[in-house]
Structures are given as C-alpha cells and as structure tokens.
Amino acid sequence: MPPGPDPETRSWASAAVRRFAAVTNLLVAARRFRIVGGDPRDAAALHGLLTGLGARPAAEHEPIDQLWCLGSPEDSTPVIEREADRPRGATLIVIDAGRHLPAVDEDAFGPVVTARPGVLGVPMRSDDVFLVSTGRAPEDDPAADARLRWARRSMPVSRAVAAELRDGGLLRGTRIGVAMFLEPKTAVLSLLLRDAGAEVVVYAHADETDDAVADVLRSAGLTVHASSTATLPEQKALALAMLDTRPHILLDDGSHLIRLAHQERPDLLPTMLGAAEETTSGLRPLRVMASRGELGIPVVAVNDARTKTFFDNRYGTGQSTVFAVLDLVDGLPSGMHRVRSGGAAVVAGFGHVGEGVALVLSALGFRVTVAETDPVRALQALFAGHAVAPLAEAVQGADLVISATGVPDTIDLDVLRSCADGAVVAVAGGVDHEVALDDARAAGAERRAVGPKAERLVFPDAEGGPIVLDGGGCINITAAEGNPIEIMDLSFAAQLGAVRMLLERGDELDRAVVAIDPAVDDATARTALAAFGAQAAPPGRLAEHPADREPDVRTRRFGDPS
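Residues numbered from 1 in each chain as written. Predicted model: local features only at pLDDT ≥ 70, side-chain atom pairs only at ≥ 80, totals over all residues. Heavy atoms only, no water.

Draft legend 1. Expanded view of the packing of helix 5 (residues 156–168) against helix 18 (residues 485–505). Across the interface, helix 5 lies against helix 18 with an axial gap of 7 Å and an inter-helix angle of 15 degrees. By the angle between their axes, helix 5 is roughly parallel relative to helix 18. The hand of the helix 5/helix 18 crossing is left-handed. Between helix 5 and helix 18, the residues in contact are Pro156, Val157, Ser158, Val161, Ala162, Glu164 and Leu165 and Asp489, Phe492, Ala493, Leu496, Gly497 and Arg500, respectively. When the residues that make up the contact of helix 5 with helix 18 are grouped by side-chain class, the tally is eight nonpolar, two polar and three charged. (Axes fitted to C-alpha atoms, helices over the stretch in contact; angles between N-to-C directions. Helix = DSSP H or I, 4+ residues; strand = E, 2+ residues; numbered from the N terminus. Parallel < 35°, antiparallel > 145°, perpendicular 65-115°, else oblique. Left-handed = near helix turned anticlockwise from the far one by under 90°. Contact = heavy atoms within 4.5 Å. Nonpolar A, V, L, I, M, F, W, Y, C, P; charged D, E, K, R; others polar.)

Take a look at the structure:
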C-alpha cells in the first residue's frame, strides 16, 4: 500500500477544502470534480480527501461541478475556458488552490463581480462560472443580500416545491411561523413561503441570529422577532410576540416554540393546523408529550424524512461541524491545543450525526474512536472501521472530542476531568448542557478564555485542562454558517412537503408526532437527483403490479401451488 500524504501536505489539503466550504457554504459530497496541475503529491492528497468526503472524480467527458486548480495559470486557463462552455444553470466553481502561488489568473476572463464575499463571478464568460481562492484572506463584509441570492441559486429543490404550492394556491391566507437558525438559507425558505402566498413571521434565538439577514427580511416586508444581542428574557418576549401573531403552522428547529406555545399560549393550539419539527433533539420531548396525551397539535417529523436524516444529519452536519471546529482550532495560539493532522479523535454517539462526524474526521486523517451506549450502533461503528470504547476511557488520549448525541450531560464531569490537557471539546448539533459546564463550575473549575469562542477548563489542583469551544453550543451554527446550502435545500423541501401535508390533511391528523408522507421523500429525491445531474432507475416490477390484483406470494420452490 503506498504511503499516505505527509502531515504538512495533509494539513494543506484540509485547509484548502475547509476554506472552499467556508467561502461558498457548499457541499463537498456528491459533487463531480477535476484537479488540474500542481505537484502530483499535492494532487493525490487533495484527491484522497475529496473522495473521502464523498465527492467523485469526473470521467473524461463528464460535466464537472468543481475544478480544483493547483498548478500555474497556464495550466488552468484553457481548462477553465473549455469547462465554462456549459448549459445555462449548470454551476461551475473554479477553486484556486495553488499551494505557493496563485493557480488562476482572474483577469483572464474579463471583469469580475462579487457573487458573495469570497466568491467572484465572471459575467463576460458565463453567469454560472465562479472563482474562489483558498489563499485569499477571509472577508468580514456581511453582504446579506448577496448571500441570499447565492443560497437561492443552489436551492432548486425547495424552489420547485414552493412553486407547486404557489401554483396550487394552497398557502393563500395562511400564516406561517418560522423558528430556525436565521441565516441565508432559512431566509430563502421564508421568502419562498411568502412568494407562494403565505404570511410569514420569523423568530430566532439570539445566538442563532444573523442581524444582517434579519434586516434583509424586514426590508422584504416580513415580520422578524430576532436580535443577536437579545437577553434571555428578551428572547422569550420575542418568541411570545411571534406566537401572538397566531400562526396556523409552525416550522421549528428544536421544538422550543412548539413547547412554548403549549406552556404559555395554549389558547393558540386549537386554531393551528399543526407544526413541523426539524431535529432529532426537538422530536424527543414532543414524543414524550404525545405519550402523555399532552400534545395539542399534529407535528410532522421532518427530521425522520429519509431525505433529511440521511443527508442533513450525516453529510451536512458532519462536514459543517468538523470544518467549523478545525477552523476555530486554527485560530488558537500555536501549542495551546493537542489537535494535529493524523491525531486521535473521539466521537460520542453513532447515530446519523455521529456517523457523519466520524466519516469527515477519518477523511481528514484522524484516528477515530466511537463511544456509543447502544450496542448495535457501537457494532456498526466497529464495522465502519472505527475503534470503540467507553467515553471516559476513550477521551484520555484524545486530541479532539466531539459529542453527537443530542443528550444533556453527554460530556459529563467525569469525562471532562478525564480529558487530556489541551484536548478540544465541541458539540455537533446538540441540546443545552450537552457539555456539563455548570457541573464543572460547581466543582470549582475555572473558565479561561484562550481564543475566539474557546475557553480552557481548569479544575482545582490542575495546571491545565480541556478547551471547550463556544460554550458547548451547536458549533456549526454558532461559529459558522450552518449546514451546506444543498443539504438544507433537501431539508427545507421536506419542510415544504410537511406544510402541504398540514394544509391538505391537518384536520385529519392525530394530535401526535406523525410521519412525513413517503411521497414527499420520493418527490424530493427525484428533483434533487436531477439537480445533481443524475436520475433514479424506474420503479421495479413489484411497483408495477396491477392495483386491482393481489400479489401471488405462494412459494413455487416445491412446484406449482395450484
């Protein structure tokens, strides 16, 4: 077996791919790529990382989505010019990933325009070709309008479903409350609902609010109850103000607004068609409420849609969480932490989110150990090539620890005490108190700021301790721009399908957590396949069985049963 890339080359490839993702908020998995020029060792390291993350090298005459340029402009320019000749609407991202010098001459394609911070359009060449440089310094310009336009162009599935709702006139006279992380993709969802005929009102928690995006929605005429500086009492007041607009449907992330409506606005429930919940952690308390007979509206389990949980939880949260963690770690002083290329990482939990986090860490060269209390999932992790161990034992030698359970106190006091000095601790997705910081404080631990969104926990009689990122918050949201656009396009298409369900059948649904219609998954997946340049096989023979005739399931292994 040939040796893998050296640590320096692996780190360069990791930084290049993470920079591309941060600048574009686009997905790596499922995309067709080609690498042009550069040192063969660099190209091999980049190729291995991209394929490990789920991207696919394009065949010789196959269209590509991403062109990674590593060599000189002389290598890149003719390939870019050839690939720019493409059907309208087929996006090409050209990534200048030159390791030492620029690999793309941006002036060779005419005047450039900013498509979003860090992304340049080349309108003289094509409206669908964009340039990204992994070596350019990050931009702080919020550019919310540009980020919304960028997100919208990469959300074809949600656009198609919203167009059907608009054409059917189903949303006219319906008020919809959107309570999610307020960033460009959620803003696009809100505007699609508005354009389809709904009255839309928006709420977001303070640490999940992009104020520039909120202002764009207000300018578009939407009512927005959100501020990144709101205190906890102010956030509750904003949430109640949203509920006091008396929405007919709630789209929630974490079920906080659904539960608040039950706790403080029970008179609202009989007037509602229902709600849709986006997350695993949000569905857990709703299922408990339903089992007690306390759920007063039907809640569509969008999280359980196959087009949501198989992709958002695994590929979306996996990419965005690990990349956000490593981007924050890169901002810490050298020698402050243990994280390094080829180091040891622990993932707590091996549900869909844990699978995705482990997959990305492995692709980046980490040695992954999974801590999972479910023996079947632990066995699955073992078969996926990861070591398996109890959490308190696994973290003792770990450089990086990521909790992916969505369960409070996963990283409890014993686990925090067991972490090595300089180990980095973060949460993927998650709920409040997934890291037991309150217990650590009660035990005398001191929290010392060591960098942006990073604190070291120092226990009494200890000189060092683990570094916890962003207070144990949902790191891909609080420290980055959330999941990739294409992933949220699938999730929001499922949300729109749930809206259709509630509009058409809300009065008939049980006051319970209800499964999403399988037809929503099928339609979403077929539209997404087309957007990715593929298509599903036609239904098999079983699906073609005449509807008016029962299938003959008698065995013929021992002869003709008749």
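That shown, we press on.
Draft legend 2. Molecular detail of the nonpolar core. Within the largest apolar cluster, 118 residues are counted, with the highest numbers of intra-cluster contacts made by Trp68, Leu251 and Leu361. For Leu251, the contacting residues outside a window of four places in its chain are Ile176, Gly177, Val178, Ala179, Met180, Leu189, Leu193, Ala276, Gln495 and Val499. One finds Ala179, Met242, Met272 and Ala301 within the second-largest nonpolar core, a separate group that totals 24 residues. (Core = buried A, V, L, I, M, F, W, Y, C linked by side-chain atoms within 4.5 Å. Buried < 20%, exposed > 50% of the residue type's maximum accessible area, 1.4 Å probe, protein only.)

Draft legend 3. Region of the structure containing the sheet that holds strand 16 (residues 387–388). Pairing is mixed across the open sheet formed by eight strands, whose spatial order is 16-15-14-17-18-21-20-19. Both outer strands of the open sheet, strand 16 and strand 19 (446–451), are each paired with one neighbouring strand and no more. In this structure, strand 18 (residues 424–427) lies alongside strand 21 (residues 467–469), joined through two bridges in parallel fashion. Directly across from Val424, in strand 21, lies its bridge partner Ile467. (Pairing = 2+ DSSP bridges.)

Draft legend 4. Looking closely at the pairing of strand 3 (residues 66–69). The side-chain alternation of strand 3 yields two buried faces, one formed by Gln66 and Trp68 and the other by Leu67 and Cys69. Pairing between strand 1 (residues 32–36) and strand 3: four bridges, direction parallel. Bridge pairing in strand 3 places Val36 opposite Cys69. Sheet analysis places strand 3 next to strand 4 (residues 92–96), joined by four bridges and oriented parallel. Within strand 4, the position partnered with Gln66 by the bridge is Ile93. Chirality of the crossover, the property in question, places the unit of strand 3, helix 3 (residues 73–83) and strand 4 among those that are right-handed. (Right-handed = clockwise from strand over helix to strand, strands pointing away.)

Draft legend 5. The side chain of His205, seen in detail. Along the chain, His205 turns up in the loop between strand 9 (199–203) and helix 7 (211–219). Its relative accessible area of 18% is what places His205 among the buried residues. The contact partners of His205, leaving out residues within four places of it in the chain, are Gln235 and His256.

Draft legend 6. Region of the structure containing the packing of helix 4 (residues 144–153) against helix 7. The interhelical angle for the contact between helix 4 and helix 7, taken along N-to-C directions, is 80 degrees, at an axis separation of 9 Å. It follows that helix 4 is roughly perpendicular to helix 7 by the angle criterion. Two secondary-structure elements touch here, helix 4 through Ala144, Asp145, Arg147 and Leu148 and helix 7 through Ala212, Val213 and Val216. Taken together, the residues of the contact of helix 4 with helix 7 sort by class into five nonpolar, no polar and two charged.

Draft legend 7. How the structure looks around helix 3. Among all positions in helix 3, only Ser76, Thr77, Val79, Ile80 and Glu83 are buried. Among the structural elements, strand 1, strand 3 and strand 4 are those in contact with the buried residues of helix 3.

Draft legend 8. Expanded view of the state of the cysteines. This structure, assessed with the given rule, holds zero disulfides. Among the cysteines around Cys474, which has no disulfide bond, Cys419 carries the closest sulfur, lying 19 Å off. (Disulfide = S-S within 2.5 Å.)

Draft legend 9. The environment of Leu191, seen in detail. Here Leu191 shows up in helix 6 (residues 184–195). Other than its neighbours up to four places away in sequence, Leu191 contacts Leu148, Leu217, Ala220 and Leu222.

Draft legend 10. Representation of unusual backbone geometry in the model. Its identity is not glycine, yet Ala30 carries a phi of approximately 75 degrees, on the positive side. Within the element layout of this structure, Ala30 appears in the loop between helix 1 (7–24) and strand 1. Its identity is not glycine, yet His433 carries a phi of approximately 65 degrees, on the positive side.

Draft legend 11. Seen up close, the sheet that holds strand 5 (residues 113–116). The mixed open sheet is built from seven strands, whose spatial order is 2-1-3-4-7-6-5. The open sheet terminates on both sides in strands that have one partner only, identified here as strand 2 (56–57) and strand 5. Examined bridge by bridge, strand 4 and strand 7 (residues 126–133) share five bridges and lie parallel to one another. If you follow Val94 over to strand 7, its bridge partner there is Leu131. The sheet contacts of helix 2 (residues 40–52) involve strand 1, strand 2 and strand 3, and relative to strand 1 the element is tilted by about 170 degrees. Packing of helix 4 onto the sheet brings it into contact with strand 4, strand 5, strand 6 (119–122) and strand 7, and relative to strand 5 it is tilted by some 70 degrees.

Draft legend 12. Helix 7, seen in detail. Those residues of helix 7 that fall on the buried side of the exposure criterion are Val213, Ala214, Val216 and Leu217. All buried residues of helix 7 fall inside an arc of 155 degrees around its axis, so they share one side. Where the residues of helix 7 are buried, they touch helix 4, helix 6, strand 9 and strand 10 (223–225). Its side-chain oxygen at 3.1 Å from the backbone nitrogen of Ala212, Asp210 defines the N-terminal cap of helix 7. Residue Gly221 follows helix 7 closely and has a positive phi angle near 100 degrees. (Arc of directions from axis to C-beta. Polar contact = N/O pair within 3.5 Å; in protein donor to acceptor, adjacent residues only side chain to side chain.)

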